[in-house]
Amino acid sequence: METITNTLSYISIRNQESISLSKIPILTYGKFSTEVIQLMKEPQVHCVNYFAYPDGEILKFICCLADDKASDIKVFSHELPKREKMQLTSITREVYAFHIYEREITENFGVEFIYSPWPKPVRYAFNRADRSKVVNDYPFYKIQSEELHEVGVGPIHAGVIEPGHFRFLCNGETVLHLEIQLGWQHRGIEDLFLKKSALIQRTVLSESIAGDTAVGHAATFAGLIESLAGISIQDRLNIERTIGLELERIAMHIGDLSNMCIGLAYQLGASVFGALRTPTINYSQLWCGNRFGKGLIRIGGTHYPLNVSLVEALEKYLNNFERRFITMAEKMFSLSSVLMRLENIGTVTKTQMSLIGAVGMSARMTGIERDVRKSHPTGAYQKLPYAPVFDISTGDVWARAALRRKEIVASIDYIRELISMLKTNNETPAKPLFEDNIKLSSNLLSVSLIEGWRGEICHCAITNDQGKIQHYKIKDPSVHNWMALALSLRDLEISDFPINNKSYNLSYCGHDL
Amino acid sequence: MIFDEIKILKQHGNQFIPDVTKPQLPGPFKGRPEISAEEVNEMALASLCPTGAIGTSPVSIDMGKCVMCGECSFAYPNKIKFTTDYKIATNIRERLIVKEGDINPISIDENKIRAEIQSLFGRSLKLREISAAGSNADEQELNACGNVNFDMGRFGIEFLASPRHCDGIVITGPISENMAEAVQVCYDAVPDPKIIMLVGTDAISGGIFVGSGALNRSFLEKYIIDLYVPGNPPHPLTFVNGVLEMIRGKKKN
Ligand code: SF4
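Rules used throughout
- Numbers given for residues are sequential positions, taken from 1 along each chain in its written order.
- As a convention, the first chain written is A and the first ligand written is 1, with the rest following in written order.
- The predicted origin of the model limits local features to residues at a pLDDT of at least 70 and limits the giving and counting of side-chain atom pairs to 80 or more, whereas totals for whole chains, interfaces and linings rest on all residues.
- Side-chain calculation: all heavy atoms of the structure are included, whereas hydrogens and water are not.
- Here pLDDT means the predictor's own confidence in every residue, given as a number from 0 to 100.
- We call two residues in contact whenever any of their non-hydrogen atoms come within 4.5 Å of each other.
- Within this document, salt bridges are pairs made up of a side-chain nitrogen of Lys or Arg and a carboxyl oxygen of Asp or Glu, the two lying within 4 Å of each other.
- The cut-offs for exposure are 20% and 50% of the maximum accessible area for each residue type, with area from a 1.4 Å probe on protein chains only; residues under the lower value are buried, those over the upper are exposed, and the others partly exposed.
- Going along the chain from the N terminus, every DSSP run of H or I of four or more residues is numbered as a helix, and every run of E of two or more is numbered as a strand.
- Residue ranges assigned to the domains are those given by an automatic or database domain assignment.
- Accessible-area loss on putting two parts together, using a 1.4 Å probe and summing over both, is the definition of buried area adopted here.
- Definition of a polar contact: a pair of N or O atoms within 3.5 Å, with one able to donate and the other able to accept a hydrogen when the atoms are protein atoms, and with sequence-neighbouring residues admitted only if both atoms are side-chain atoms.
- By the convention adopted, Pro, Cys, Tyr, Trp, Phe, Met, Ile, Leu, Val and Ala count as nonpolar, Lys, Arg, Asp and Glu as charged, and the other residues, Gly among them, as polar.

Colleague: Before we move on, can you summarise the confidence of the model for chain A with the specific residues and values?
Modeller: Mean pLDDT over chain A: 93, with 99% of residues reaching 70 or higher. Confidence drops under pLDDT 50 across residues 1–6 of chain A; counting only partners more than four residues distant or on other chains, this segment forms five contacts.

What follows is the structure, given as structure tokens:
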């Protein structure tokens, strides 16, 4: 073990692979930061997680960098004895995408990152190190000027949506800076993952991280637990889970297109896309009883195998949906009155998105080729390669709408291919596994990545020497992508905020946990 | 060309549900449970529930706590069956507890509805929704209540932006500590008389989040709750039917 820690600065693992904690190299902080800065220079590398967890008298820090070309995840760590005053030199100055991780570590454990350019609270977690910081007293960025004014919105918004606070610094109608303050939705989920130890409790929790991504988060959780327990699942189950993931994508993308049309006051698009969402989520209800796919994902098996009649209903739904969707989308994207409100509005660049570590749609719409389904495929994505939509790059509201349009079509085609695979599969569907049949191995780290509809979801877990989960870490794609919305608003008319916000549709609760 | 629009409208057809009290939901949908008299190991049954919704002797399910994971009915299929009855909203918290042998619908106690609710809000009810750590599933279903399918606007029921223009609040989510003050401020801003509805299991009991140190549910101890709408998330039909029954009574629908 000694030799490993001395010679290698990281260990490579695959997505949903577990490794023994003793194999993770422990670097000095100096070496650690040099390594991060060096590796993050490569455009195909991005950080999927960097977190701290207490282990006795020591605070351990684990960093996971995904390499999209090598399809691996490079894992390494550093340590700090727990003290009253803990300080490290900030990496954010060199690697902007680290701001969110360092801020979270500061908030949770009181570690100060010196020279951090943006040392702000993240979500005011209930178990934060400094209880004197409260959600109603966030240190907003300010500019002293007689000519500027501030506009504050939230936490409660006009519509029926989740709470968050937006603070605009404006020069007349033009937004100079938008700061987004979150944390209102904090439910203490990561802590509950440790407190509630029954598998079904954790499964239900995973479905509740973000109710609009119930399948995405539950599938990420399931992949993680199955890896820690060394369970390999049926091809059939992989195919069905993937169909669930792609249906969730279609449902959310079409709902977002409808909401964007509402924002544009384009009534026909709003109604038709809205009505097309209904058969999508109703299919989910027909399949598993829930319009959001809750109940669909269980460890090791399923209560709801896709039988012949369900497959038939799925094909019928896809055909009907596709026909109606294509006609409506063609119309929408050909109307100059619509395009005028989409093109060159809220533009962000590829460079900006790679600097903030954007993932999923928020990365792809600027031309970054980042998609876990291709770079780190698991399950059915491994057997049946998915070709991501990589040909949109304008970074404006139009790009975000057009990407959804193309991804819906890609998902329909992909589900059809999955159905053909399913038709030739003769495995008898396995039932879900519970405590009696599952044992997590001890002293492991596992990392699970799934491309949810918003982007890359990452769950990490660490087991202790009794095989119990000692630390659970969740990262929703929105954690990075909220900064993209803030950047989109720079130098934009404040009245363009709603359409930009809808074009990202980021998760508040996924961020706040 | 206008022909495109005609084609789209033809494909679109009529989407609205003519009578919201009538639609049937498909088999796996979990609505009101029915619990048979079959003898089972009650402790084992109760302990498998992720939210402690199952009570013993006699066996009962508290729909205000149930997250509809379905595990109890998979493990004990002859003991517990979920029907597709989605009309499960009520104004009496105890009525959400379904006991062994209960096969009657969950209903609203008309005698307990405050007099001003039906006289003032029967034809028009404007609501301010507060997502207090809601997961965006409940919120999306509430938005769906106003879409072209369920179209609750035709009954005068609508969500508005300003609490000052509203007749009450609808809370989703288990109410986080960080939202506690905002919930109170928003409620205070609604003019009297005003109503409170809790929508979704998370709001009614805290759901899977019970025991979290990040919640503050003290607001709920101060006021009468006018309607409980269970579900994870509640189906739009559960919400629309529950609200209609509350503001118009059963017959006048
Ligand atoms: S369906 Fe409801 S009562 Fe049954 S186990 Fe799940 S949460 Fe408990």
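Colleague: Summarise the pattern of salt bridges; cite the residues concerned and give the values.
Modeller: For side chains of opposite charge, pairing can occur when their charged atoms come near one another. Residue and element names in this part refer to chain A. In the structure shown here, the tally under the stated rule is 47 salt bridges over all chains. Across the pair Lys74 and Asp72 runs a salt bridge whose closest N-O atoms are separated by 3.1 Å. Summarising the burial analysis for this pair, Lys74 and Asp72 share the class buried. Two residues, Arg236 and Glu240, come together in a salt bridge whose shortest N-O distance is 3.2 Å. Of the two residues, Arg236 and Glu240 are both situated in helix α7 (residues 235–264); the distance of four residues between them amounts to about one turn of the helix. In this structure, Arg236 and Glu240 share a single accessibility class: buried. If you follow the salt bridges from partner to partner, you end up with Glu246, Arg249, Arg364, Asp371, Arg373, Glu407 and Glu451 in one network.

Colleague: Describe the domain arrangement of chain B, listing the residues and the values that go with them.
Modeller: Residues and elements named next belong to chain B. Taken domain by domain, chain B consists of domain 1 (33–99) and domain 2 (110–252). A separation of 24 Å is found between the C-alpha centroids of domain 1 and domain 2. Opposite the 17 residues of domain 1 that make contact, domain 2 presents 19 residues. Where domain 1 abuts domain 2, roughly 1500 Å² becomes buried across the two surfaces, and 67% of that area is made up of carbon and sulfur atoms. Broken down residue by residue, the surface that domain 1 buries against domain 2 is led by Tyr86, Ala89 and Asn91, which jointly contribute 35%. At the junction of domain 1 with domain 2, the criterion picks out zero salt bridges. In this assembly, domain 1 and domain 2 are joined by five residue pairs in polar contact (both at pLDDT 80 or more). The class makeup of the residues in the side of domain 1 that touches domain 2 is ten nonpolar, four polar and three charged.

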